[in-house]
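Take a look at the letters that make up each chain.
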Amino acid sequence: MIFYFSATGNSRWVAGQLAELTGDELFNMADFLREGRVPALPADTARVGVVFPIHSWYVPAPVLRFLSQLAVPASAYRYAVCTCGDDVGRGLSRLSRHFPLDAAWSVQMPNTYVPMFDLDAPELARQKVADARTFLPAIAEAVVRKEHAWCVHEGGFPRCKTYVVYPLFKHFCVKTKAFRVDNACISCGRCEQNCPVSAIRLVDGRPVWNKACIHCMACLHGCPVNAISYGAGTRKKGQYRLEDYL
Ligand SMILES: Cc1cc2nc3c(=O)[nH]c(=O)nc-3n(C[C@H](O)[C@H](O)[C@H](O)COP(=O)(O)O)c2cc1C
């Protein structure tokens, strides 16, 4: 079984590739989060994989919530694959203290966090996806063999990023006030449907964000008419669409 969480499609694509290569079944965590439940796993479950994006060098809060309630049979092999723009700090080691893991991998994919960074240049984005495509069969093989592996790009100052920057980011940066919707909005509701944490509701045809927002940017990148921006700087950075790089 593979459970994935994804805002802008990178982790969904990685999880889908792994499901194809391992023959394991794929489940979207967001469906369970929306219903406020976690699935009961059969006692003979052979392996459980979780795939998600790294957010500020740690695991997105809804993923932590889901995993804290997931009862995994003791005999099952447990692994995590996280996607990241660059590096993951101690994010996966910290996760493994709450959700023990037999193996973990990080996979670089195009960066999506436009409030603070630019999107990757198209050549870099294409290269990251191509490299991931080459790397994923090796991950799948290790999973099928139930190997104990730890192949994670922590980057520089990993402890500081995960244990100091992450809480500051969560407390001071993840706010909804700076989201803007311009007159291009066609009230299609795509932002509301795309939001993996149900943080958007249409009011008079316009999206309104609530405090469940995790800044995943699914709304901004998924808007079909590019009507959503965050603060002053994101409009000129453009939107990210994985399909452009596959
Ligand atoms: C709120 C937020 C925080 C992020 N923080 C990091 C980070 O700490 N390190 C990193 O390498 N990439 C970071 N990224 C980039 C994403 O992890 C990366 O683009 C990921 O593949 C997106 O996956 P998704 O399309 O499945 O949502 C961040 C993205 C967002 C939206």
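Structure: above.
An account of the accompanying structure is given in this report. The structure presented is a predicted model; accordingly, all values stated were derived computationally and were not measured.

On to the packing of helix H1 (residues 10–22) against helix H5 (residues 122–144), then. The geometry of H1 relative to H5 is characterised by a closest axis approach of 9 Å and an angle of 45° between their N-to-C directions. If you check the angle between H1 and H5, you find them oblique. Judged by the twist between their axes, the crossing of H1 over H5 is right-handed. Contacts from Trp13, Val14, Gln17, Leu18, Leu21 and Thr22 in H1 reach Val129, Ala132, Arg133, Leu136, Pro137, Ile139, Ala140, Val143 and Val144 in H5. Partitioned by chemical class, the residues of the contact of H1 with H5 number 12 nonpolar, 2 polar and 1 charged.

A word on the pairing of strand S8 (residues 200–203). Two strands pair when backbone bridges link them, and S8 and strand S9 (residues 206–209) are joined in this way by 4 bridges, in the antiparallel orientation. Within S9, the residue paired with Arg201 across the bridge is Val208. As consecutive antiparallel partners, S8 and S9 are separated by 2 residues, and within that stretch Asp204 has a phi angle of approximately 50°, a positive value.

Moving on, we get to the nonpolar core. Grouped together as the largest cluster of nonpolar side chains are 52 residues, with contacts concentrated most on Phe3, Phe52 and Leu95. Elements supplying a minimum of two residues to this core: helix H2 (29–35), strand S3 (47–53), helix H3 (61–69), strand S4 (77–84), helix H4 (91–98), helix H6 (158–173), helix H8 (218–222) and strand S10 (228–230). In contact with Phe3, other than residues within four places in its own chain, are Phe27, Met29, Phe32, Pro39, Leu41, Val48, Gly49, Val50, Val51, Phe66 and Leu70. Among the nonpolar cores identified, the runner-up in size contains 27 residues, and Trp13, Leu18, Ala19 and Ala142 belong to it.

A surface patch of nonpolar side chains, about 350 Å² in accessible area, is lined by Val164, Val165, Leu168 and Phe172. Along the chain, Phe172 falls in helix H6.

With that out of the way, let us pick up the sheet that holds S3. Strand pairing in a sheet takes place through backbone hydrogen bonds and is either antiparallel or parallel in direction. Ordered in space as S2-S1-S3-S4-S5-S6, the 6 strands form an open sheet in which the pairing is parallel. Single-partner strands in this sheet number two, and they are strand S2 (26–28) and strand S6 (149–151). Going from strand to strand, the sheet's axes swing by 20° on average, the running direction of each strand aside. As judged from the 3 bridges shared by strand S1 (residues 2–4) and S3, these two strands associate in the parallel manner. The residue bridging Phe3 from the neighbouring strand is Val50, located in S3.

Our focus in this paragraph is the site of the ligand. Near the ligand you find 24 residues, and of these Ser6, Thr8, Ser11, Ile54 and Asp86 are the closest. Taking Asp87, its main chain carries an N or O atom lying 2.9 Å from an oxygen atom of the ligand. Measuring from an oxygen atom of the ligand, one finds a backbone N or O atom of Pro110 at 2.8 Å. Within the complex, 96% of the 640 Å² of free accessible area of the ligand lies under protein. At a threshold of 2 Å from the grid points, most atoms of the ligand map onto the largest pocket. Contributions of two or more residues to the shell around the ligand are made by H1 and S4.

This next bit is on the pairing of S4. The buried fraction of S4 amounts to 8 of the 8 residues, a majority that puts the element mostly inside the structure. Burial of the side chains of S4 extends over both faces: Tyr77, Tyr79, Val81 and Thr83 are buried on one face and Arg78, Ala80, Cys82 and Cys84 on the other. By the bridge criterion, 7 bridges tie S3 to S4 in an arrangement that is parallel. Its bridge partner lying in S4, Phe52 is registered against Cys82. Running through H3, the crossover from S3 to the neighbouring parallel element S4 is right-handed. Pairing between S4 and strand S5 (residues 103–108): 6 bridges, direction parallel. The residue bridging Cys82 from the neighbouring strand is Ser106, located in S5.

This paragraph deals with the packing of H4 against H6. Closest axis-to-axis distance for the H4/H6 pair is 9 Å, and the angle between their directions is 85°. One element, H4, and the other, H6, form an angle in the roughly perpendicular class. Here H4 contributes Gly91, Arg94 and Arg97 to the contact with H6, which in turn contributes Thr162, Tyr163 and Tyr166. Grouping the constituent residues of the contact of H4 with H6 by class yields 2 nonpolar, 2 polar and 2 charged.

Rules used in this analysis
- Residues numbered from 1 in each chain as written.
- Predicted model: local features only at pLDDT ≥ 70, side-chain atom pairs only at ≥ 80, totals over all residues.
- Heavy atoms only, no water.
- Axes fitted to C-alpha atoms, helices over the stretch in contact; angles between N-to-C directions.
- Helix = DSSP H or I, 4+ residues; strand = E, 2+ residues; numbered from the N terminus.
- Parallel < 35°, antiparallel > 145°, perpendicular 65-115°, else oblique.
- Left-handed = near helix turned anticlockwise from the far one by under 90°.
- Contact = heavy atoms within 4.5 Å.
- Nonpolar A, V, L, I, M, F, W, Y, C, P; charged D, E, K, R; others polar.
- Pairing = 2+ DSSP bridges.
- Core = buried A, V, L, I, M, F, W, Y, C linked by side-chain atoms within 4.5 Å.
- Buried < 20%, exposed > 50% of the residue type's maximum accessible area, 1.4 Å probe, protein only.
- Patch = residues over 30% accessible without salt bridge, like charges linked within 9 Å, V, L, I, M, F, W, Y side chains within 5 Å.
- Areas by Shrake-Rupley, 256 points an atom, 1.4 Å probe, with all protein chains shown as cover.
- Salt bridge = Lys/Arg side-chain N within 4 Å of Asp/Glu carboxyl O.
- Near = heavy atom within 4 Å.
- Polar contact = N/O pair within 3.5 Å; in protein donor to acceptor, adjacent residues only side chain to side chain.
- 1 Å grid on protein atoms, 1.4 Å probe; cavity = no way out; pocket = protein on both sides within 12 Å on 5 of 7 lines; lining within 4 Å.
- Sits in = over half its atoms within 2 Å of the grid points.
- Right-handed = clockwise from strand over helix to strand, strands pointing away.

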